[in-house]
Amino acid sequence: MAASSPEGSPLPGSFKPYIPSSESPAESTFRALVLGALLGILFGAASVYLGLRVGLTTSASIPIAVMAITILKKLRGNTVLENNIVQTVGSAGESVAAAVVFTVPALIFLGFPLKMSITLLIAFTGGILGVLMMIPLRRYLIVKEHGKLRFPEGTACAEIIKAGEVGGTSAAKIFKGIGIGALWKGLPTLFGFWKPSVGMDIPKYPGASVGMDVAPELMGVGYIIGWETSLMMVGGGLMAAFIISPIISFIGATATQPIYPGTVPISAMSTTDIWRNYIKYMGAGAVATGGIVGLFRAMPAIWDSITASIKQLAGERMGGGKSDDLVERTERDIPITVVGIGTFALILFIWLVPAFHVNLLGALLIVVFGFLFSVVSARITGIVGSSSSPLSGMTIAVLMGTCLIFLAVGWTGQQYTYLALVIGATVCIAISNAGTTAQDLKTGHLLGSTPSKQQFAILIGVVTSAAVVGVTMLLLNESQAKEVVLDKPFSPPAISLQRAEEMQGKDGKTYLLAKVTGVEGIEPGNYLVEPQTKQAVLRRIDGIGGRELAAPQSNLMAVLISGLLEQRLPWGLIMIGASIALFMELIGIHSLTFAVGFYLPLSSTFPIFIGGLVRKIADKRYKRKADAAEESEGTLLSSGLIAGGALLGVAGAFLNFIPNFVDDATGLPMPIAFAYTHLRFLWDADIVAVAMFALLGYLLYRGAADPKLKNA
């Protein structure tokens, strides 16, 4: 009789993987590593665009697993373990991308230039640190806790890979989604068949407006996150657009003077100006409060994870070690000596590389917080999965802990905001990748993979995706960045010039980038200062932080750091947002999702809501449990919509680098926008864009049907 745990689950010792340890099929092959890296780059670039736009990313492990099966079958001779290596390498791309876009763009909000060197270094070191921290924890979290920690996405991946034949129709559905997503994104944004975004001010209701981006990737996000979550997001957007903005417009209608942080009277502002000057700060306060509340909500799980892992580490390795020849293939990890040497090398690397600008205390904090929260992230991932793991909440905890340590030693002011962000960003990437590594190792444990080969594969994925993620983010930012000549140059405060860094302007000249806040009559933001005269002559408006690339999670991190170390924020607006988040908690709504919707423009949250509505209708029509995680048909098609739409969005943004190719008024590349030129009536009629988005919703609804029910 098989042994059982008190809960009735088989004990770890009785578990038998799909591929026995006595067999050694092809696993970490060159083609598997290359294919995994390419798919990781593909989904990583899409995640960068999506994360910057709406502050959300979706897990790429299952779509990559399905695509791996189909592609390797075409190449012939593939094995189950080879398929798993592909998804292991590829999943690192989405993991690194999510953590990078949630944190690194905060450099812009803090008044520092976004540089390729520091972005690559943070992504590289954080990703490697996450893998190293998981190696000594694998035997406990994956093997000994096998019957307790389910790792839902890792288990689902293993089932998909085992059922190899699912790759046929399911992979076709992903590729179909990529094609549809690219088509629906390209027709309006490249060729001008219809407007990519429609909207209008509400008559007789000053300050209120409604809008919708006709974006296939946002509909796909809405379908995947489900009806309830998308409803909460659009609820936040509706409050901002239909309640808060009209109140500001009503109160400011008779004001003749600007109200800080605005620089013109509210009566002269458009709804976009009201969002940029006031609602964005309220949204940042709401997101920060929602993240902190989420952190406290997760504290029991975090504490359980810490205590359980400490007990495991104290009790592990009491007996003598075994040589690698005596250890079963399915239990071979990268040696612990490599982990120790690698960790020590990372500390020296972070401390000594000039581009980091990190002192020894900062390097030590990165490793200490990285280990502590990697344990937490891996265990929580085992309970709720990667998509539901509170990454932003854990990062908030790291930033608050770091800032409190800085305050205790007297490190305050803008010069230390950079250091705090680098620590938080590196740890965020480490804990994100630790959770993903744990998920991948669970998949490998069920299939019978060799742990050391998986761990090496994730390192390959980190290195290849880090470069692409950094390049994509910087190019997206520069493609939409503007530098506006000031009518009246001014002298920034001395404190702003103290930490100003050199930056090359779009005109090719070298300037000092200075963050200016709290100056009467000057809009808070980043300004380019002439080094000789110390006069601000240009207003630097980065693409990240605008309506198209709002980057809500990064803005949250910047607000926390700046509020604690600089204490120079419009606290009245931030506290209004914090109060809104607390009110949502009091009436039983998880405030973080609502707060992200409040921060984002309604034009971004409304299409997400439409995707959630399609999910609700499909679940009811096809008799499925509402928002069930096991729903696959619509989820795979939506994953394709996200990838296709996001990648076309990235490609379209890059066209801005071609001189005089993109029209500033419409955002269209005029040399190829033949529909705008010859079929202008389609562009001018907003109903065309709405109708095409409705058609896309119908295609998603039909594609969400189980093939067995299509003829029903």
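The paragraphs below set out a description of the structure included in this document. (Residues numbered from 1 in each chain as written. Predicted model: local features only at pLDDT ≥ 70, side-chain atom pairs only at ≥ 80, totals over all residues. Heavy atoms only, no water.)

1. Thoughts on the overall build of the protein
Line of reasoning, step 1. A count of helical and extended segments in the protein gives 25 helices and seven strands.
Line of reasoning, step 2. Relative to all contacts within the protein whose residues are 6 or more apart in sequence, the contacts with residues 24 or more apart total 80%.
Line of reasoning, step 3. Roughly 28,400 Å² of accessible area belongs to the protein as shown, and the carbon and sulfur atoms make up 65% of that amount. (Helix = DSSP H or I, 4+ residues; strand = E, 2+ residues; numbered from the N terminus. Contact = heavy atoms within 4.5 Å. Areas by Shrake-Rupley, 256 points an atom, 1.4 Å probe, with all protein chains shown as cover.)

2. So, the packing of aromatic side chains
Line of reasoning, step 1. Applying the stated criterion across every chain, the model contains 14 aromatic pairs.
Line of reasoning, step 2. With 6.0 Å between their ring centres and 40° between their planes, F606 and F609 make a pair best called tilted. In this pair, F606 and F609 are both assigned in helix α21 (residues 602-621), three residues apart and thus about one turn of the helix distant.
Line of reasoning, step 3. Among the residues examined, F606 registers a relative accessible area of 25% and is labelled partly exposed.
Line of reasoning, step 4. A relative accessible area of 15% means that F609 is categorised as buried.
Line of reasoning, step 5. Between Y622 and Y701, the aromatic rings sit 5.4 Å apart at their centres with planes inclined by 20°, giving stacked as the arrangement. Pair noted here: Y622 is in the loop between α21 and α22 (633-654) and Y701 is in helix α25 (residues 686-703), with a separation of 79 residues, a long-range link. (Phe/Tyr/Trp six-rings, centres within 6.5 Å; stacked < 30°, edge-to-face > 60°. Buried < 20%, exposed > 50% of the residue type's maximum accessible area, 1.4 Å probe, protein only.)

3. Brief notes about the side chain of T417
Line of reasoning, step 1. For T417, the position within the fold is in helix α15 (residues 414-447).
Line of reasoning, step 2. Residue T417 is classed as buried on the basis of its relative accessible area, which comes to 0%.
Line of reasoning, step 3. Beyond its immediate stretch of four places on either side in the chain, T417 contacts L110, F112, I561, L565 and E566.

4. Describing the nonpolar core
Line of reasoning, step 1. In terms of nonpolar packing, the biggest core is built from 101 residues, with L52, M473 and I544 touching the most fellow members.
Line of reasoning, step 2. In contact with L52, not counting residues within four places along its chain, are V101, P105, M473, L476, I544, L549, A550, A551 and P552.
Line of reasoning, step 3. Among the nonpolar cores identified, the runner-up in size contains 32 residues, and L39, F43, V66 and I160 belong to it. (Core = buried A, V, L, I, M, F, W, Y, C linked by side-chain atoms within 4.5 Å.)

5. Quick word on α15
Line of reasoning, step 1. For α15, which comprises 34 residues, the first-to-last C-alpha distance of 50 Å matches the rise-based estimate of 50 Å (1.5 Å per residue) to within 8%.
Line of reasoning, step 2. Among the 34 residues of α15, 32 are classified as buried, and the element is accordingly described as predominantly covered.
Line of reasoning, step 3. Immediately downstream of α15, the backbone of G448 shows phi near 95°, a positive value. (Expected span 1.5 Å × (residues − 1).)

6. Overview of the pairing of strand β2 (residues 209-213)
Line of reasoning, step 1. Within β2, four of the five residues are buried, which leaves it mostly tucked inside the rest of the structure.
Line of reasoning, step 2. As defined by bridge partners, strand β1 (residues 197-201) adjoins β2 across five bridges and the pair is classed as antiparallel. In the sheet register, S197 faces β2, and the bridge partner there is D213. (Pairing = 2+ DSSP bridges.)

7. With respect to the packing of helix α5 (residues 116-134) against helix α16 (residues 451-480)
Line of reasoning, step 1. In the contact formed by α5 and α16, the axes pass within 9 Å of each other and the chain directions differ by 155°. In terms of orientation, α5 and α16 fall into the roughly antiparallel class. In this structure, the crossing between α5 and α16 has a hand that is right-handed. On α16, the residues touching M116, T119, L120, A123, F124, G127, I128 and V131 of α5 are Q455, I458, L459, V462, V463, A466, A467, G470, V471, M473 and L474.
Line of reasoning, step 2. Counted by class, the contact of α5 with α16 contains 15 nonpolar, four polar and no charged residues. (Axes fitted to C-alpha atoms, helices over the stretch in contact; angles between N-to-C directions. Parallel < 35°, antiparallel > 145°, perpendicular 65-115°, else oblique. Left-handed = near helix turned anticlockwise from the far one by under 90°. Nonpolar A, V, L, I, M, F, W, Y, C, P; charged D, E, K, R; others polar.)

8. Examining the sheet that holds strand β4 (residues 501-504)
The pairing of strands in a sheet comes from backbone hydrogen bonds and takes either a parallel or an antiparallel form.
Line of reasoning, step 1. Taken in spatial order, the five strands of this open sheet run β3-β7-β6-β5-β4, and their pairing is antiparallel. Two strands in the sheet have a free side with no partner beyond their single neighbour: β3 (482-490) and β4. In this sheet, adjacent strand axes meet at a mean angle of 40° when their direction is disregarded.
Line of reasoning, step 2. The sheet contact formed by strand β6 (residues 525-529) and strand β7 (residues 536-541) spans four bridges and is antiparallel. Bridge assignment links N526 to a residue of β7, and that residue is R540.

9. Brief notes about the pairing of β4
Line of reasoning, step 1. Taking every second residue as pointing to the same face, the buried face of β4 carries E501 and M503, while none of E502 and Q504 on the other face is buried.
Line of reasoning, step 2. As defined by bridge partners, β4 adjoins strand β5 (residues 510-516) across four bridges and the pair is classed as antiparallel. Looking at β5, one finds that Q504 is bridged to T510.
Line of reasoning, step 3. Connecting β4 to the next strand, β5, in antiparallel fashion are five residues, including G508 with a positive phi near 90°.

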